[in-house]
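Examining the three-dimensional arrangement
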Amino acid sequence: MHEREFRAFVSVAEIGRMDQAAKALGYSQPAISYQIKCLEQMLGAKLFTRDSTGARLTREGRMILPSARAVLALIDSMKGVCTPV
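All values reported here derive from a predicted model rather than from experimental measurement.

About the criteria used
- Residues numbered from 1 in each chain as written.
- Predicted model: local features only at pLDDT ≥ 70, side-chain atom pairs only at ≥ 80, totals over all residues.
- Heavy atoms only, no water.
- Helix = DSSP H or I, 4+ residues; strand = E, 2+ residues; numbered from the N terminus.
- Rg over C-alpha atoms; globule rule 2.2 N^0.38 Å.
- Buried < 20%, exposed > 50% of the residue type's maximum accessible area, 1.4 Å probe, protein only.
- Patch = residues over 30% accessible without salt bridge, like charges linked within 9 Å, V, L, I, M, F, W, Y side chains within 5 Å.
- Areas by Shrake-Rupley, 256 points an atom, 1.4 Å probe, with all protein chains shown as cover.
- Salt bridge = Lys/Arg side-chain N within 4 Å of Asp/Glu carboxyl O.
- Axes fitted to C-alpha atoms, helices over the stretch in contact; angles between N-to-C directions.
- Parallel < 35°, antiparallel > 145°, perpendicular 65-115°, else oblique.
- Left-handed = near helix turned anticlockwise from the far one by under 90°.
- Contact = heavy atoms within 4.5 Å.
- Nonpolar A, V, L, I, M, F, W, Y, C, P; charged D, E, K, R; others polar.
- Core = buried A, V, L, I, M, F, W, Y, C linked by side-chain atoms within 4.5 Å.

So, the overall build of the chain
- Check the secondary structure of the chain and you find four helices and two strands.
- For the chain, the succession of helices and strands along the chain, N to C, is α-α-α-β-β-α.
- For a compact globule of 85 residues, the expected C-alpha radius of gyration is about 12 Å, and the chain comes in at 13 Å, within 12% of that figure.
- Counting only C-alpha atoms and orienting by the principal axes, one finds that the chain spans roughly 45 × 25 × 20 Å.
- Looking at the 85 residues of the chain, the share that counts as buried comes to 34%.

Okay, here's the thing in structure tokens:
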């Protein structure tokens, strides 16, 4: 699992659309879809249901969202104490 996958997951969960989440993160929509697919494969669970109106979290997605946010908070905290090389 990678930081970018967690960022994509949390962004799509908060925004509700992959295209808008991609724009917010500075990625293409296919790149966001790929990150979500990779995370789903790693976890062995479908995280979103997708339709023409956007993406909604599945039960599993709702269950891991707090953990994904916590992981990102830890990563951001670590980056905050480190001096760039």
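Observations concerning a nonpolar patch on the surface
- Together, Met1, Met42 and Leu43 line one region of the surface with nonpolar side chains, adding up to about 300 Å² of accessible area.
- Counting through the fold element by element, Leu43 comes out in helix H3 (residues 29–43).
- Exposure remark for Leu43: the relative accessible area of 34% places this residue in the partly exposed category.

Things to note about the packing of helix H1 (residues 3–15) against helix H4 (residues 59–81)
- Contact geometry for H1 and H4: axes closest at 9 Å, N-to-C directions at 125°. It follows from the interaxial angle that H1 and H4 lie oblique. The handedness of the crossing between H1 and H4 comes out as left-handed. For the pair formed by H1 and H4, the contact residues are Glu3, Phe6, Arg7, Phe9, Val10, Ala13 and Glu14 on the first element and Gly61, Ile64, Leu65, Ala68, Arg69, Val71, Leu72, Ile75, Asp76 and Lys79 on the second.
- Of the residues assigned to the contact of H1 with H4, the class counts are 10 nonpolar, one polar and six charged.

Concerning the nonpolar core
- Residues Phe9, Val10, Val12, Ile32, Ile36 and Phe48 are the most contacted members of the largest nonpolar core, which totals 19 residues.
- Aside from chain neighbours lying at most four places away, what touches Ile32 is Ala8, Val12, Met18, Ala22, Leu25 and Tyr27.

Some thoughts on the pattern of salt bridges
- Under the definition given, this model contains eight salt bridges.
- Among the ionic pairs, Glu14 bridges to Arg69, the shortest N-O distance being 3.2 Å. Taken together, the residues Glu14 in helix H1 and Arg69 in helix H4 connect sequence positions 55 residues apart.
- A relative accessible area of 39% places Arg69 in the partly exposed class.
- One salt bridge in this structure joins Arg59 and Glu60, with 3.7 Å as the shortest N-O distance.
- One network of salt bridges, in which partners are shared, links Glu3, Arg7, Asp76 and Lys79.

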